[in-house]
Protein chains: 2
Amino acid sequence: MIRSGAQLFRERGVSGTSFADVLEHSGAPRGSVYHHFPGGKDEFAIEVTRYAGGLIGGALRGALEGDDPVAAVRSFADMWIGVLESGEYAAGCPVVAVAVDAAPGPGTRAAAGDAFAAWESDLAVVLVRRGVGEDRARSLATLVLSGIEGAIVLCRAQGSAEPLRRVAGELATVVGAAVAGSRPPA
Amino acid sequence: MIRSGAQLFRERGVSGTSFADVLEHSGAPRGSVYHHFPGGKDEFAIEVTRYAGGLIGGALRGALEGDDPVAAVRSFADMWIGVLESGEYAAGCPVVAVAVDAAPGPGTRAAAGDAFAAWESDLAVVLVRRGVGEDRARSLATLVLSGIEGAIVLCRAQGSAEPLRRVAGELATVVGAAVAGSRPPA
DNA sequence: GTCTATACGAAGATAGAC
DNA sequence: GTCTATCTTCGTATAGAC
């Protein structure tokens, strides 16, 4: 159910996704909705957000494994380009969907904020490890995250992966310059 | 009604906003909904998107009037920071809300794409005027737009204007370097 | 733990009077 | 052009049996 919820949130948003949709998509038994999620849709949305945040965070950490922030930015962006192109630009980021859709309670919004903060932190850690100062690293991490998430929205609206391609190129340049500039002169 | 719709879309998303909400917020007569919008919610959402796109586009063009892209980026971001802070981070960009919420038909999504394209073009034109090459200008304009829109989402999720402040600073640096680097050496 | 049935309300949309 | 009334569908949530 949670996996299906994440997929449907990505396509239709939170308010646009009903339990009936989730049950149909997941094939889950209908009687178990309020058994597993006694808090109703709010609780369900929070769980979906946590799950999606962890999943995407895992992908991001995987991309960051080589301690090469430039390659990680490109790899993370390429992952999203693949998602967008294979799904005809119908599906975006579930965490953004939660953040933009205020229908559920404030807990859901906070869960989205936590996910973003975790991703940002993962990025900043690697930048610091590559010699970038802490403040700049945090600032750059926010730019990368905002840029990619914003570009995903643009891609969906325009039915094209071009915005994300352009943003990925610019971000790679900026991050590359920051890493190079912070390294001790050879 | 359209003005109210834009405000409510910003706060609750498209699926989360009903005609009853719009009527209550705007004080418009109830009988006139399907008189003015025979196409129902789809048509209404498209009109709201066009209106909001024009409004925000006007603000952006105003910020760009001095032909100073760096100041324009800061000014545009500051406008959003003001909106976020004065509204307790409840309201974001209505065009993003439309792009993320697939509930209405494809026409709405296209209207959002048109708005983004127009803003991007406004930005790129000024960059070109300042000597930036056409491809780079387009690429930078996409980065600025994606970065700011993405940061607005992060701000809402985290209940803070910090992401947008950081992104605005980074974008100002990048745009400043591009403009400076493209000017003929003095 | 899952099922059926259903209460309750809300939303989109339409009809016809004024 | 606006109003009231209403139809229909859908969505959340609950109750109680298996």
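These remarks concern the structure in this document. Remember, it's a predicted structure, so these values are computed and weren't measured experimentally.

So, on to the environment of Gly39 of chain B. Structurally, Gly39 of chain B can be placed in the loop between helix H3 (33–36) and helix H4 (40–64). Sequence-wise, Gly39 of chain B and Leu55 of chain B are 16 residues apart; in three dimensions their C-alpha atoms are separated by 23 Å.

Using the criterion set out here, one finds 20 salt bridges over all chains in the structure. Taking the shortest distance from any N to any O, the salt bridge between Glu170 of chain A and Arg136 of chain B comes out at 2.8 Å. Of the two residues, Glu170 of chain A sits in helix H9 (residues 162–182) while Arg136 of chain B sits in helix H8 (residues 134–158), which places them in two different chains. Of the residues examined, Glu170 of chain A reaches a relative accessible area of 5% and is grouped as buried. Put simply, Arg12 of chain B and Asp21 of chain B hold a salt bridge, and the shortest N to O gap is 3.2 Å. The network of salt bridges with shared partners includes Glu85, Glu162, Arg165 and Arg166 of chain A together with Glu120 and Arg138 of chain B.

We now examine the relation of the copies chain A and chain B. The operation relating chain A to chain B is a screw motion whose rotation component is 180°, with 0.0 Å of axial translation and a residual RMSD of 0.0 Å. Given the turn and translation reported, the copies of this chain are related as if by a two-fold rotation axis.

This part takes up the environment of Gly107 of chain B. Structurally, Gly107 of chain B is set in helix H7 (residues 106–129). Sequence separation between Gly107 of chain B and Gly147 of chain B is 40 residues, and the spatial gap between their C-alpha atoms is 25 Å.

Moving on, we come to the packing of aromatic side chains. All told, the structure shown has twelve aromatic pairs over all chains when counted by the stated rule. Centroid distance Phe37 of chain B to Phe44 of chain B: 5.0 Å. Interplanar angle 80°. Geometry classified as edge-to-face. For the pair Phe37 of chain B and Phe44 of chain B, a shared accessibility class is recorded, and that class is buried. Considering the side-chain rings of Phe116 of chain B and Trp119 of chain B, the 5.6 Å spacing of their centres and the 85° angle between planes classify their relative orientation as edge-to-face. Separated by three residues within a single helix, Phe116 of chain B and Trp119 of chain B lie in helix H7, roughly one turn from each other. Pair check on accessibility: Phe116 of chain B and Trp119 of chain B agree, each one buried. Through a chain of ring-to-ring contacts, three or more aromatic side chains come together here, namely Phe9, Phe19, Tyr34, Phe37 and Phe44 of chain A.

Criteria and cut-off values
Residues numbered from 1 in each chain as written. Chains lettered and ligands numbered in written order. Predicted model: local features only at pLDDT ≥ 70, side-chain atom pairs only at ≥ 80, totals over all residues. Heavy atoms only, no water. Helix = DSSP H or I, 4+ residues; strand = E, 2+ residues; numbered from the N terminus. Salt bridge = Lys/Arg side-chain N within 4 Å of Asp/Glu carboxyl O. Buried < 20%, exposed > 50% of the residue type's maximum accessible area, 1.4 Å probe, protein only. Least-squares fit on C-alpha atoms with pLDDT ≥ 70 in both. Phe/Tyr/Trp six-rings, centres within 6.5 Å; stacked < 30°, edge-to-face > 60°.

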